[in-house]
Amino acid sequence: MKKKKLLYIVLFILGLVLYTAFLYHRISRIPCNSDTANMILEADSILHGNLFLSDWHLTGITFFTTDLPFFVIGVLIAGVSVQAGYIAITLMYVFMILAALLLIKGKRDNLLNFLVFAGIALIPSTFTLDAARVHTALFALAFIAIYFAAKALEEPKKKYYILFGIFTALAVCGDYLGLVVITVPILLLCIANKVKKPIQLAIATLVGTAGGVVLEHVFLLLGNANKNSLLAGFFLPINEIGDSIILYIRSMTHMMNANFFGKELFSIKTPIFAIRVLLLLFVFYIMAVQIRKLFRSDGKTCFVSTTLSLSFAILTAFMLLTEFGPSLTSARYILYFPTVAAILIVLYYREKNIYEQKFYENRLPVKMLIGVLSVTMLGACYFVKVPPSSHTVFNRLTEFLQEESLTNGYATFWDASIVTVLSQDQVKVRAIESDEKGLQPQYWFCQNNWYDEYANFLILRDREAKEEGEFFKQHNVVTTRLDFGFKDGISQSEANQAFGEPDRVLTFENYRILVYEYDISTKLNKR
């Protein structure tokens, strides 16, 4: 018996290593952007002793206890490089998958449960991996928190409530999206009296949430880091909601490897698309059923399924009705959908005892059909196309700057930190922006002392890299920002007004580099 158990452990570890390597290979084909680059630079700052990110201006989310530790691991292994980002994203995604497996573990049919899960979620689409740059660790922590909450409801031991509170605190501290994924849905279940001992669970939820908020404030207080505002959005005008719905549908089909729009009608892939679209609709049906039970006095709910359904419904409303949503890049807020879909389907099969049913004149077990379909779906996912290379104009721009011996300068946000990381911190390009007073540091995802460094060039984007951007979009990569820089850019006249006429003007592809013979950092409008 011990040998058999040891064999299972060895096979699990081997499978995990191979799966991690497989994911890394896929993720490393996706170009990094300045968001990922700044996470890498934050991690490097921590590894150089700045544990609480003193002197940093953060985004509206700190990521202290969610994504950032994984980027620290990445930088520890690969230094300041895009490979550090790929390592971090890979580890976060594997962490999320392992956490999700906790929620489908049962007393029997675990192999079949795994096959169903694997066919839906184990090999994510390129679109999903592209969105997984941030928030992924939050969803993993949320799955673990929900797991311990479910254990506490099954067996009301103090340790389960404590563990639930700890993982809730870690999720909320690092990412306030945890309020939507954990706090709100569980409190709604408690208020609706759909769980055992709702008062105890509600108290544990509130204590864990409050603990996360306090922990975040302690981090910020210790480092005196500046956290930017998160709640700066607006509701969409009613005439834009239709476009938002279309983008939402596209996001869903992309994430489920079911994006049949614009594809050949008569193709070997069509049946796979059809099955995945049906799965997508099936998941929405399961969610609707679970949420409806909240409003029925006799409706017996599955805690895990209802919590996940409620959280996803809230995030869907958030995406459809606010200005955070109408963009394919907003899929990062719901990147856990394929994983949630797999969990919901497995739990639905278990609840309805689907595996024990038979078909074809009551002779063939349904579990055989489900197993074959799951393996087929898993195999089909393997052939989803990925970009042949993560090489973009940012790589070429970095090489050009190094050839010209330009090592310190400025650019707009999407053209800045990505160059710094691609050069392995040899070419330091910092983000600036224009306002009515002139040019100033962009105090978002940056460190104050960056703008005390000597700088003698400014990168201007003359036009958008549309062709290259479109190439990656065809491979379901939408966050490269190859075609975003120009409209958020700085004009030549603004540069001249702030820094004077440049001594040299270099051109490279869709960029102009204005070179000066003095330290232009002295001309920035700093706080």
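Our subject in this report is the structure included herewith. Numbering of residues begins from 1 in every chain and follows the order in which that chain's sequence is written. Thresholds applied to this predicted model are a pLDDT of at least 70 for local features of residues and 80 or more for the giving and counting of side-chain atom pairs; totals over whole chains, interfaces and linings are not thresholded and use all residues. Neither water nor hydrogens contribute to the side-chain values; these are computed over all heavy atoms in the structure.

1. With respect to the overall build of the protein chain
Here comes step 1: Only runs of H or I of at least four residues qualify as helices and only runs of E of at least two qualify as strands under DSSP, and these elements are numbered from the N terminus. When helices and strands are tallied, the protein chain shows 19 helices and 11 strands.
Here comes step 2: Atoms counted for the radius of gyration: C-alpha only. Globule rule: 2.2 Å times the number of residues to the power 0.38. Relative to the compact-globule value of 24 Å for 527 residues, the protein chain shows a C-alpha radius of gyration of 25 Å, a close match.
Here comes step 3: Taken over the C-alpha atoms alone, the protein chain extends approximately 85 × 60 × 55 Å along its principal axes.
Here comes step 4: Only protein chains enter the area calculation, which uses a 1.4 Å probe; residues under 20% of their type maximum are buried, those over 50% are exposed, and those in between are partly exposed. For the protein chain, with 527 residues in total, the buried portion stands at 54%.
Here comes step 5: Taking contacts inside the protein chain between residues at least 6 apart in sequence as the whole, the part at least 24 apart equals 76%.
Here comes step 6: Here the open area of atoms and residues is found with the Shrake-Rupley method and a 1.4 Å probe, where only the protein chains shown may cover a residue. Per element, the accessible surface of the protein chain, about 23,900 Å² overall, is 63% carbon and sulfur.
Here comes step 7: Think of it this way: Lys and Arg go in the positive column, Asp and Glu in the negative one, and His and the chain ends go nowhere. In plain terms, the charge of a residue is placed at NZ if it is Lys, CZ if Arg, CG if Asp and CD if Glu. Charge separation in the protein chain, taken as the distance between the mean sites of 48 positive and 42 negative side-chain charges, equals 18 Å. Contact criterion: two residues are considered in contact whenever any of their non-hydrogen atoms come within 4.5 Å of each other.

2. Some points on the nonpolar core
Here comes step 1: Take the buried residues of types Ala, Val, Leu, Ile, Met, Phe, Trp, Tyr and Cys, join any two whose side-chain atoms come within 4.5 Å, and each joined set is a nonpolar core. Among the nonpolar cores identified, the biggest contains 173 residues, and F143, L201, F303, F337, I343, L401 and I513 are the most heavily contacted of them.
Here comes step 2: In contact with F337, not counting residues within four places along its chain, are M252, M255, M256, L280, V283, F284, M287 and F312.

3. With respect to the environment of Y160
Here comes step 1: Counting through the fold element by element, Y160 comes out in helix 8 (residues 158–174).
Here comes step 2: With relative accessibility at 11%, the residue Y160 sits in the buried group.
Here comes step 3: In sequence terms Y160 and G242 are 82 residues apart; their C-alpha atoms lie 44 Å from each other.

4. Digging into a nonpolar patch on the surface
Here comes step 1: Like-charged residues within 9 Å of one another, or nonpolar side chains (Val, Leu, Ile, Met, Phe, Trp, Tyr) within 5 Å, are grouped into patches, provided each residue has over 30% relative accessible area and no salt bridge. Salt bridges are defined by distance alone: a side-chain nitrogen of Lys or Arg within 4 Å of a carboxyl oxygen of Asp or Glu. Side chains of L7, Y8, L11, L14 and L18 sit close together on the surface and give an oily, nonpolar patch of about 530 Å² of accessible area.
Here comes step 2: The residue L11 is located in helix 1 (residues 2–27) in this model.

5. A short note on the sheet that holds strand 1 (residues 56–58)
Here comes step 1: With respect to topology, three strands assemble into an open sheet ordered 2-1-8, the strand pairing being mixed. Strands with a single pairing partner mark the edges of an open sheet, and in this sheet they are strand 2 (226–227) and strand 8 (446–447).
Here comes step 2: The sheet contact formed by strand 1 and strand 8 spans two bridges and is antiparallel. Paired with W56 across the two strands is Q447, which belongs to strand 8. Here, any two strands with at least 2 DSSP bridges between them count as paired.

6. Brief notes about unusual backbone geometry
Here comes step 1: Phi angles above zero are rare outside glycine, and N257 is one such case at about 55 degrees.
Here comes step 2: Locating N257 in the fold gives a position in the loop between helix 11 (241–255) and helix 12 (270–292).

7. Remarks on the packing of aromatic side chains
Here comes step 1: Between 30 and 60 degrees the pair is tilted, below 30 it is stacked and above 60 it is edge-to-face, where a pair is any two Phe, Tyr or Trp rings, Trp via its six-membered ring, whose centres lie within 6.5 Å. Using the criterion set out here, one finds 24 aromatic pairs in the structure.
Here comes step 2: Consider the rings of F52 and F219, whose centres lie 5.8 Å apart with planes at 45 degrees: the pair is tilted. Of this pair, F52 sits in the loop between helix 2 (34–47) and strand 1 while F219 sits in helix 10 (residues 198–223), and the two are 167 residues apart along the sequence.
Here comes step 3: Overall, the relative accessible area of 28% leaves F52 in the partly exposed class.
Here comes step 4: Measuring from centroid to centroid gives 5.7 Å for F318 and Y333, while their planes differ by 90 degrees, and the two rings are edge-to-face. Separated by 15 residues along the polypeptide, F318 in helix 13 (residues 303–321) and Y333 in the loop between helix 13 and helix 14 (337–351) bring together distant segments of the chain.

8. Observations regarding helix 19 (residues 492–499)
Since the α-helix turns once every 3.6 residues, residues separated by three or four places project in the same direction.
Here comes step 1: Those residues of helix 19 not exposed but buried are A495, A498 and F499. For helix 19, the angular spread of buried residues about the axis comes to 75 degrees, placing them on one side.
Here comes step 2: Count one or two residues on from helix 19 and you reach G500, which has phi positive near 85 degrees. Think of the arc as the fan of directions from the helix axis to the C-beta atoms.

9. Description of the side chain of T62
Here comes step 1: Summarising the element assignment, T62 is placed in the loop between strand 1 and helix 3 (68–78).
Here comes step 2: In terms of polar contacts, T62 uses its side chain to reach the backbone carbonyl oxygen of C173, at 3.3 Å.
Here comes step 3: Sequence-distant contacts of T62, defined by excluding residues within four places in its chain, comprise L68, C173, G174, E216, L220 and K227. Here a polar contact is recorded for every N or O atom pair within 3.5 Å, except that within protein the pair must consist of a potential hydrogen donor and a potential acceptor, and residues adjacent in sequence are included only if both atoms are side-chain atoms.

10. Considering the packing of helix 9 (residues 178–191) against helix 10
Here comes step 1: Where helix 9 contacts helix 10, the axes come no closer than 9 Å and their chain directions differ by 155 degrees. It follows from the interaxial angle that helix 9 and helix 10 lie roughly antiparallel. In this structure, the crossing between helix 9 and helix 10 has a hand that is left-handed. Between helix 9 and helix 10, the residues in contact are L179, T183, I186, L187 and C190 and P198, L201, A202, T205, L206 and T209, respectively.
Here comes step 2: Each residue is assigned to one class: nonpolar for Ala, Val, Leu, Ile, Met, Phe, Trp, Tyr, Cys and Pro, charged for Asp, Glu, Lys and Arg, and polar for all the others, Gly among them. When grouped by side-chain class, the residues that make up the contact of helix 9 with helix 10 number eight nonpolar, three polar and no charged. Axis lines are fitted through C-alpha atoms, for helices just across the contact stretch, and the angle between N-to-C directions can take any value from 0 to 180 degrees. Should an angle lie under 35 degrees it is considered roughly parallel, over 145 roughly antiparallel, and from 65 to 115 roughly perpendicular; all remaining angles are considered oblique. Crossings are sorted by hand: turned counterclockwise from the far helix by less than a right angle, the near helix makes the crossing left-handed, and turned clockwise it makes it right-handed.

11. Side note on helix 1
Here comes step 1: Every helix has an expected span of 1.5 Å times one less than the residues it contains. Its 26 residues place the ends of helix 1 37 Å apart at the C-alpha level, agreeing with the 38 Å of an ideal helix rising 1.5 Å per residue.
Here comes step 2: All of the buried residues in helix 1 are Y19, F22, L23, R26 and I27.

12. Notes on empty space enclosed by the protein
Here comes step 1: Computed over the protein atoms alone on a 1 Å grid, cavities are sets of points where a 1.4 Å probe fits but cannot get out and pockets are open sets with protein on both sides within 12 Å along at least five of seven lines; a residue lines them when it has an atom within 4 Å of a point. Grid points are joined across faces, edges and corners, and a volume is the space filled by probe spheres set on the points. This model, assessed by the stated rule, comprises one cavity of 30 Å³ or more.
Here comes step 2: Estimates place the volume of the largest cavity at around 40 Å³.
Here comes step 3: Lining the largest cavity, in full, are I27, I30, C32, Y86, I89, L129, D130 and R133.
Here comes step 4: Elements represented by at least two residues in the lining of the largest cavity include exactly helix 4 (82–104) and helix 6 (126–131).
Here comes step 5: Residue composition of the lining of the largest cavity, by class: six nonpolar, no polar and two charged.

13. Some details on the pattern of salt bridges
Here comes step 1: Under the definition given, this model contains 11 salt bridges.
Here comes step 2: The residue E216 makes a salt bridge to K227 at a minimum N-O spacing of 2.8 Å. Here E216, found in helix 10, pairs with K227, found in strand 2; they are 11 residues apart in sequence, far enough to count as distant.
Here comes step 3: Across the pair R430 and E453 runs a salt bridge, and its minimum N-O distance is 3.0 Å. Separated by 23 residues along the polypeptide, R430 in strand 6 (residues 428–435) and E453 in the loop between strand 8 and strand 9 (457–461) bring together distant segments of the chain.
Here comes step 4: Taken together, the shared-partner salt bridges connect R396, E468 and E509 into one network.

So, to be careful, I would describe these as geometric facts and stop short of saying anything about function.
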